[in-house]
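Given next are the chains, with one letter for each unit.
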Amino acid sequence: QVQLVESGGGLVQAGDSLRLSCAASGRTFSSNAMGWFRQAPGKERAFVAAINWSGGSTNYADSVKGRFTISRDNAKNTVYLEMNSLKPEDTAVYYCALDPAGWHTSTSGGEYSSWGQGTQVTVSS
């Protein structure tokens, strides 16, 4: 059973940057696709970004395209989400997730089999 642990969240001001990390253990990380989702208070969980097993294919929600970058380091079993030009509407709990279909960059949470506990990102105006 894979375990995912997110870190790097915090309170920042609009326009600032943050880098989230998600460390995986307990499964062959490098063969799986990974994704980031977020859930704001009172809203449903939403797709943010995804990356395939090799890092050669990525996918982004329109709301973060050009501001966020997903990447991975298979040697460290870690996936990252670099977030720039943060906006108050980016405030949410951010979750990383694992998709066993390594070639995917799925936007659907149903495709992901394992989830982390989440890390809070708060952006003040």
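Residues numbered from 1 in each chain as written. Predicted model: local features only at pLDDT ≥ 70, side-chain atom pairs only at ≥ 80, totals over all residues. Heavy atoms only, no water.

## Observations regarding the state of the cysteines
A covalent bond between the sulfur atoms of two cysteines is referred to as a disulfide.
1) Next: Per the stated rule, a full pass over the model turns up one disulfide.
2) Next: Here Cys22 connects covalently by a disulfide to Cys96, the sulfurs 1.9 Å from one another. Since a negative S-S torsion denotes a left-handed disulfide, the Cys22-Cys96 link at about 50° is right-handed. One end of the pair, Cys22, is in strand β3 (residues 18-25); the other, Cys96, is in strand β9 (residues 92-99), with 74 residues separating them in the sequence. Each of the two residues, Cys22 as well as Cys96, counts as buried. (Disulfide = S-S within 2.5 Å. Helix = DSSP H or I, 4+ residues; strand = E, 2+ residues; numbered from the N terminus. Buried < 20%, exposed > 50% of the residue type's maximum accessible area, 1.4 Å probe, protein only.)

## Thoughts on the environment of Cys96
1) Next: Cys96 gets classed as buried once you look at its relative accessible area, which sits at 0%.
2) Next: Sequence separation between Cys96 and Arg38 is 58 residues; the distance between their C-alpha atoms is 8.7 Å.
3) Next: Residues within four places of Cys96 in sequence aside, it is in contact with Leu4, Glu6, Cys22, Gly35, Trp36, Ser114, Trp115 and Gly116. (Contact = heavy atoms within 4.5 Å.)

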